[in-house]
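Remarks on the overall topology
Listed here are the chains, written in short residue letters.
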Amino acid sequence: MARRAARLLAVRGISSSPCLARRLKQTESEIVQMFQPPASRSEGAITAIGPRYTNTTRVLDERFIRILKIFKWGPDAEKALEVLMLRVDHWLVREVMKTDVGVNVKMQFFRWAAKKRNYEHDTSTYMALIRCLEVVEQYGEMWKMIQEMVRNPICVVTPTELSDVIRMLGNAKMMSKAIAIFYQIKARKCQPTAQAYNSMIIMLMHEGQYEKVHELYNEMSNEGLCFPDTVTYSALISAFCKLSRRDSAIQLLNEMKENRMQPTAKIYTMLISLLFKLDDVHGALCLFEEMKYQYCQPDVFTYTELIRGLGKAGRIDEAYQFFHEMQREGCRPDTVVMNNMINFLGKAGRLDDAMKLFQEMETLRCIPNVVTYNTIIKALFESKSRASEVASWFERMKESRIAPSSFTYSILIDGFCKTNRIEKAMMLLEEMDEKGFPPCPAAYCSLIDALGKAKRYDLACELFQELKENCGSSSARVYAVMIKHLGKAGRLDDAINMFDEMNKLGCTPNAYAYNALMSGLARTGMLDEALTTMRRMQEHGCTPDINSYNIILNALAKTGGPHHAMEMLSNMKQSAIKPDAVSYNTVLGALSHAGMFEEAAKLMKEMNALGFEYDLITYSSILEAIGKVDHETAVR
């Protein structure tokens, strides 16, 4: 609103003082007198004042502009035109559109001029008014003027003007109207240039219409009357990258080079980012080498994508090498690069290196922001640092006048909950509320989970109700946590009611919620009901995950015996969801409890071949079972 007000003020450019806004009562002769030359002029002075010129260049008389500001458009301003002998033509209309009088005055003058004898608006006058309307965001009137211009047989819209019209309609979020007017003008034998096509492509990109971008490119290529330029290729490659179409994007890059066009750093950066996204680390690195071979200088955005991609792939040392390389090449890291590097070092457990980088930020003239501190705090929790050290960094953040975000509090609350400092986490939740932050479901979820683990179910339920009252609803993840802990507490009816409540409130259960309910049912031996829930899960379009199968497998091993468990494990091997270490350990435990040691030994061999380790609990239960058998044999 503030920007719009500033733009409106710039267009109006006059005082809102009542004395200036009030119409002055003047006779026709008094108005004429305003423009009479002073009496002190010499006899040779011009008696009739005509249009003024400077160095043979026509200039709009400033006195006419002042009249427009004072009287707006009306009989007085019209009379001033006559007195000043200003001819109504295209030049005059365009000049009036350039003045800083209000847009309504301009529209009134525009309409008046259209009715003058021997005068008709052309494309230049329409475009002048259309641009004025865009500035003050009167998009409805702007659209009417565009339509009027296109319908006018005198107006010949050039490709440059077509490009401007598309750009303005795109800025106004009038995509369908822009597409319609593009083809309407094109049908009137205005052959769009690459610039006009680029305006269309960029507008479609901003609206996320990536498929239509491809269609427009095909249309442009098939007509063969204008050819893509660097801007076109950049937009098209960006569209294919967003659609994850690697082959099409690479094909366009090669096409650019065949057409002797130099791909920009932005184009290479987009493609490198896409290849990392598709887990093609080798391809991304090869493309980076090609970029340098083509004498295309990588910029800070290119190095950001390299460091981010390698960090996500777990190749921290290589990411660190590129971080140092960019500095050697004279490319100064920015805060985003530093944040990414600190994040990956922290996740890799290299806290000292992360802290060292933080200290270097001042030397590199990178100002730490809220993301930097969030990353450091999270790394401290993950490295199991002392709570006092985490708290000191939080205080340091506030001392640096960096306001903590909702995510900062969420990280702190989750970290303190995981280290059993529930009271500290509760205090931070209260501090969030005092600072006016909206309720954060992630923070509530961490606290409710911690309270559930501590068997403080009443307080967990109280927090859950508080979240619902403050937000009007709750997230599927928070519901899942509540259902899980109610099931563990033996309050199965409450868990089922909460699951049903989710559906009634329009909160679609996710895999976590279904698994939480199935776990509660399986824990009480209600295997049939757990299986029914799993079928219901699939019917509602929620795909079971490995945890879903392991819950059923565990229940089956306890109630149906090892044979049923072995049968389900065998079926899992043939399905899309393959068994994991938990699946094998569950069946191994069932076999050991049943004294089926030969089968258990075979399964252990299979686990070793697959790289799965049998956990200590399972191994202990096998040893215990073997001990019992040996004891019974000795007694006999």
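The structure reproduced in this document is the subject of the present report. Keep in mind the model is a prediction, meaning the values are calculated, not measured. (Residues numbered from 1 in each chain as written. Predicted model: local features only at pLDDT ≥ 70, side-chain atom pairs only at ≥ 80, totals over all residues. Heavy atoms only, no water.)

Within the protein, the regular secondary structure consists of 36 helices and two strands. Across the 636 residues of the protein, 45% fall into the buried class. For the protein, contacts bridging at least 24 residues in sequence account for 61% of all contacts bridging at least 6. Accessible surface computed for the protein: about 34,200 Å², of which carbon and sulfur atoms make up 52%. (Helix = DSSP H or I, 4+ residues; strand = E, 2+ residues; numbered from the N terminus. Buried < 20%, exposed > 50% of the residue type's maximum accessible area, 1.4 Å probe, protein only. Contact = heavy atoms within 4.5 Å. Areas by Shrake-Rupley, 256 points an atom, 1.4 Å probe, with all protein chains shown as cover.)

On the surface, a cluster of positive charge is made up of Lys455, Lys488, Arg523 and Lys558. On the secondary structure map, Lys455 appears in the loop between α26 (441–453) and α27 (457–471). Overall, Lys455 belongs to the exposed group, its relative accessible area being 61%. (Patch = residues over 30% accessible without salt bridge, like charges linked within 9 Å, V, L, I, M, F, W, Y side chains within 5 Å. Salt bridge = Lys/Arg side-chain N within 4 Å of Asp/Glu carboxyl O. Lys, Arg positive; Asp, Glu negative; His and termini not counted. Charge placed at Lys NZ, Arg CZ, Asp CG, Glu CD.)

Its place among the elements puts Ser199 in helix α12 (residues 194–206). For Ser199, a relative accessible area of 14% puts it in the buried group. Those residues in contact with Ser199, other than ones at most four positions away along the chain, are Ser163, Ile166 and Arg167.

This part takes up the packing of helix α32 (residues 546–559) against helix α33 (residues 562–574). One way to put it is that α32 packs onto α33 with a least axis distance of 8 Å and a crossing angle of 160 degrees. Judged on the interaxial angle alone, α33 and α32 are roughly antiparallel. You can see that α32 and α33 cross each other, and the crossing is right-handed. For the pair α32 and α33, contact is made by Ile546, Tyr549, Asn550, Ile552, Leu553, Leu556 and Ala557 and by His564, Ala565, Met568, Leu569 and Met572, respectively. (Axes fitted to C-alpha atoms, helices over the stretch in contact; angles between N-to-C directions. Parallel < 35°, antiparallel > 145°, perpendicular 65-115°, else oblique. Left-handed = near helix turned anticlockwise from the far one by under 90°.)

In this model, helix α23 (residues 387–399) (13 residues) spans 18 Å end to end at C-alpha, consistent with the 18 Å of a helix rising 1.5 Å per residue. Of the positions making up α23, those classed as buried are Ala387, Val390, Trp393, Phe394 and Met397. All buried residues of α23 fall inside an arc of 125 degrees around its axis, so they share one side. Contacts made by the buried residues of α23 are with α21 (351–360), α22 (370–382), α24 (406–418) and α25 (422–434). Phi turns positive, to about 60 degrees, at Arg401, one or two residues after α23. (Expected span 1.5 Å × (residues − 1). Arc of directions from axis to C-beta.)

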